[in-house]
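Residues per chain are reported as follows:
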Amino acid sequence: MAIGRAHAISLLGLEGAVVEIEADISNNLPAFVLIGLPDAALGEARDRVRSAAGNSGLPLPSRKLTVNLSPAALPKHGSGFDLGIAMAALAADGQVSTESVARVVHLGELGLDGRLRPLAGILPAVLAAVRAGFGTVVVPAGNADEAALVPGVRVVPVVSLRDAAIWHGAELEPIPLEALMPAVPMAALDDSGDLADVIGNPDAVEAMQVAAAGGHHVYLLGPPGAGKTMLAARLPGLLPDLTAEEALEVASIRSLAGIPVRGGLSTRPPLEAPHHTASAAAIVGGGSGVIRPGAAARAAHGVLFLDEAPEFAPAALDALRQPLESGVIAISRATATARFPARFQLVLAANPCPCGNSGTRDGDCRCTAMAVRRYLGRLSGPLLDRVDIRMDVHRITAGQLRASAELPRLSTVAARERILVARATAAERLRATPWRVNAHVAGSWLRSPVGAPARGATAALDRALERGGITMRGYDRVLRLAWTLCDLDGTSRPGADHIGRALYLRKAAR
Amino acid sequence: MAAKDELGARGERLAERHLLRQGLTLLDRNWRCPQGEIDLVLRDGDEVVFVEVKTRSSVAFGHPLEAITAAKLARLRRLAGAWCEAHPGAGRIRIDAVAVIAPRDLPAVIEHLERVF
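Trainee: How should I be thinking about the overall build of chain B in this particular structure?
Mentor: Counting its regular elements, chain B contains 2 helices and 5 strands. For a compact globule of 117 residues, the expected C-alpha radius of gyration is about 13 Å, and chain B comes in at 14 Å, within 12% of that figure. When its C-alpha atoms are laid out on the principal axes, chain B stretches across 45 × 30 × 25 Å. Residue burial in chain B is summarised as follows: out of 117 residues, 26% are buried. Taking the contacts inside chain B whose residues are at least 6 apart along the sequence as the reference set, 55% of them involve residues at least 24 apart.

This is the structure in C-alpha cells:
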C-alpha cells in the first residue's frame, strides 16, 4: 500500500518548523503506532484520529497504521497535528488524493465527532508555513479569520474531517455541521481614556509625552490617588500605530498565548498590566512542554505597566533586565530555546513608602526611615538604571482643581500628532543607524559628531558627572532624553535648556 | 452448544476451507495441551503455520482482528512452542490470524494476515 504524506507545523516560541507526517498501513493486526517524539497530548491523537475518521464516514482500515513525525528528533507538542495525521492516514488508505494531501499544510485538533476544534497559535503557524514555501493551509473554520491575516497564502477553512477529505478529492456527500468556534472573550473595555482627563501634574503629563516620543522607560513615584495609574494607562494611546509587521508580531504572540485574534489586525500598541503577585515565569514566559509567552512578550511593541512595582517579587523584576537590554526574551529548556520579541516600554509605578503618605502635605506618614528605604530598595539599582524618566506625581490640591478649569489641557489626539512629528524627526536623523527611537541609540553615537549636543550645552551635565552625581550610563541616558526633548521642540540639536530639562526628568523622583 | 460456540466452530471450518484452498495442508485441528488450544496448525511449504481464527457475526462490536490482543498472541506463541515439543523436527514456524465476519444468512468475509507476531 502507498505511503500517505501530510505536513503540519511545530511551534517553538514564535518560530515554527515544518513537520512531515508519514503514514503507512501494513498487513498486520490492527494497531495505531505514533512515533517521532510526540508529547502526551499528541500521543492521544491516535484515539482522536481513529474515532473522528470512523464518525466522519471514512473509517481507517483494520490494519496496522504507523505514523511517523519527522524530523524525528524535534520534540512535538499539542493536538494541532490531528488533522495532518488523519489526512496522511486516509491518503495511505487511498481514500483521498495522495498528491493533494502532500501539497498543503494541515492544522487542527479533531473532536471525536470529526469536527475540527480551533487552536491557539494559528497565526505564527501559518506564517511559518508561508516562510517554508507552502501556498495553501487547511485550518479549522473557527480559526479562519486569524489565518487570513497572513498575506500571500490560500486559507482553506474546514468544519470537519469529512469536509477536508472532500476538498482532497474523497467522493462523499458533504454533511453540514455547525463549526466549532473559539470562545469569545469579553469585549475589552477601552479604558485607556484621554490625556485631557488628567488634572494637574503638568510635569508628569509632559513626561509621558516625552516617553512616548523617545521610547523611554518611565518610573512614576507618588502617593495613592495621585494619578499614577491614570497616567500610565494613557501611554499606549500616545504611541503611534504599529507597522504591519509589528501588528502581525503582536497578533502572533496573542494567538500563541491563547487569546483569539478576531476582527482583523489591531494596529494599536498593547498594554499589559500584570498583578504584583506575578511570578518570574508569568512575566517573561515559560512552561515545561509548550513554552508560552509571558506578560513582557505580550507587551512587545507596547507598554508593560508594573503598578505597585516594589511589591513585585525581586526575581520577577530582575528577570526583566535582560529583555530591557536586548529586546528579546530567550527561554531555555532542556530540549530547546524559545525566543520572543520583547521590545516594550516599561512603566513602573510605586508609592513612596509602605503607607503611601511619605512626603505628602495632607497625610501623616508613620513609616520609619528604615522602612521607607527598604521599600524603595526593592527596586534594584540595575533595573532603575535602565529607566530614563523618573517622575514625582503629586496629589492634586483644591486650588489646582479650581484652576484646572481655565488651563488648556492637551488631548490624546493632539499629543499624538506632536509625538508622531518628533518620532519622524528622530527616525530621519537615525536613518543610517539600526535604531529608530532615541531611547535605543548607543552611547558611541551620542558622542559622535552627528549625535553630540550643541557645543557647551553639556556643562551642567559634565559637572554632575565630575561630582559623581551621575554615572556614565546615566550621562548617556540624559543625552538621549535631551534629544527627544529637542525633537519635540523641533530644534535641530539639543541645547543647555534641553539638557537641563532632561536632567530634571531623570532625577525628579527621589 | 451455545450460539457463540456454534459461530466459532463455523468460523473455524470456513477459515480451514479458505486456507486449504490457498494450498496449505492441514496438520492439526483444535490441538489441545494443558496451556490451551490452537485453532489450526497447517503446513505452507517448509513452514508450520499456527492460526488463530476469530469470528464475529458483524462488526457492530469491533472488527474480529481487533479482538486478537497482545496477551492472546503471547499465549499462541507459548502454545506453538508446546506443539513443536510434541512434534520434533517441525522446522520454521509462523503465526497467522484469520478474521471471519459471518453474518447470518449471508456469505462470510474472510481476511487472512500472515506473520502477525
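Having seen the model, we can carry on.
Trainee: I keep staring at the overall build of chain A and nothing clicks. Help me out?
Mentor: Each helix and strand counted, chain A has 23 helices and 18 strands in total. Each principal axis of the C-alpha distribution contributes one length, and for chain A these read about 85 × 50 × 45 Å. Taken over 510 residues, chain A has a buried fraction of 46%.

Trainee: Would you explain the domain arrangement of chain A in this entry?
Mentor: Residue and element names in this part refer to chain A. Segmenting chain A into domains produces domain 1 (3–167), domain 2 (185–408) and domain 3 (410–510). Averaged C-alpha coordinates put domain 1 and domain 2 at centres separated by 40 Å. Taken together, the 16 residues of domain 1 in the interface contact 18 residues of domain 2. Broken down by secondary-structure element, the contributors of at least two residues to the side of domain 1 that touches domain 2 are helix H5 (122–131) and helix H6 (144–147). The biggest single contributor to the side of domain 1 that touches domain 2 is H5, with 4 residues. Looking at side-chain class alone, the side of domain 1 that touches domain 2 contains 9 nonpolar, 4 polar and 3 charged residues.

Trainee: Where do I start with the interface of chain B and chain A in this structure?
Mentor: Size of an interface, as often reported, equals the accessible area lost when the parts are brought together. Between chain B and chain A, the residue contacts involve 7 residues of the former and 5 residues of the latter. Split into classes, the residues belonging to the side of chain B that touches chain A amount to 5 nonpolar, 1 polar and 1 charged.

Trainee: Mind showing me how you'd approach the sheet that holds strand S18 (residues 389–392) of chain A here?
Mentor: Two strands in a sheet stick together by hydrogen bonds in their backbones, pointing the same way (parallel) or opposite ways (antiparallel). Residues and elements named next belong to chain A. Read from one edge of the open sheet, 5 strands run S11-S14-S17-S10-S18, paired in parallel fashion. Looking at which strands have only one partner, the edges of the open sheet turn out to be strand S11 (271–272) and S18. Pairing of strand S14 (residues 303–306) with strand S17 (residues 345–350) involves 4 bridges; the strand directions are parallel. Bridge pairing in S17 links Leu304 to Leu346.

Trainee: I tried to follow the pairing of strand S4 (residues 64–70) of chain A on my own but got confused; where do I start?
Mentor: Two faces, one strand: in a regular strand the side chains alternate between the faces of the sheet. Residue and element names in this part refer to chain A. The two faces of S4 differ: Leu65, Val67 and Leu69 on one face are buried, but Lys64, Thr66, Asn68 and Ser70 on the other face are not. Examined bridge by bridge, strand S2 (residues 15–26) and S4 share 7 bridges and lie antiparallel to one another. Within S4, the residue paired with Glu22 across the bridge is Asn68. Here strand S3 (residues 31–35) runs beside S4; their pairing, made up of 5 bridges, is parallel. Its bridge partner being in S4, Leu34 is matched across the sheet by Val67.

Trainee: So what exactly am I meant to see when it comes to the nonpolar core here?
Mentor: If you look at soluble globular proteins, the nonpolar side chains tend to sit buried side by side. Counting 144 residues, the largest nonpolar core has Ala86, Ala88, Ala89, Leu220, Ala296 and Leu348 of chain A as the members making the most contacts within it. Of all the elements, helix H3 (residues 82–92) of chain A adds the most residues to this core, at 9 residues. Excluding its chain neighbours within four sequence positions, the residues that come into contact with Ala86 of chain A are Val49, Ala52, Ala53, Leu110 and Leu161 of chain A. Of all hydrophobic cores here, the second largest spans 23 residues; its members include Leu42, Leu65, Leu76 and Leu79 of chain B.

How each quantity is defined
- Residues numbered from 1 in each chain as written.
- Chains lettered and ligands numbered in written order.
- Predicted model: local features only at pLDDT ≥ 70, side-chain atom pairs only at ≥ 80, totals over all residues.
- Helix = DSSP H or I, 4+ residues; strand = E, 2+ residues; numbered from the N terminus.
- Rg over C-alpha atoms; globule rule 2.2 N^0.38 Å.
- Buried ≥ 20, exposed ≤ 12 C-beta atoms within 10 Å, placed from the backbone.
- Contact = placed C-beta atoms within 7 Å.
- Domains from an automatic or database assignment.
- Nonpolar A, V, L, I, M, F, W, Y, C, P; charged D, E, K, R; others polar.
- Pairing = 2+ DSSP bridges.
- Core = buried A, V, L, I, M, F, W, Y, C linked by C-beta atoms within 7 Å.

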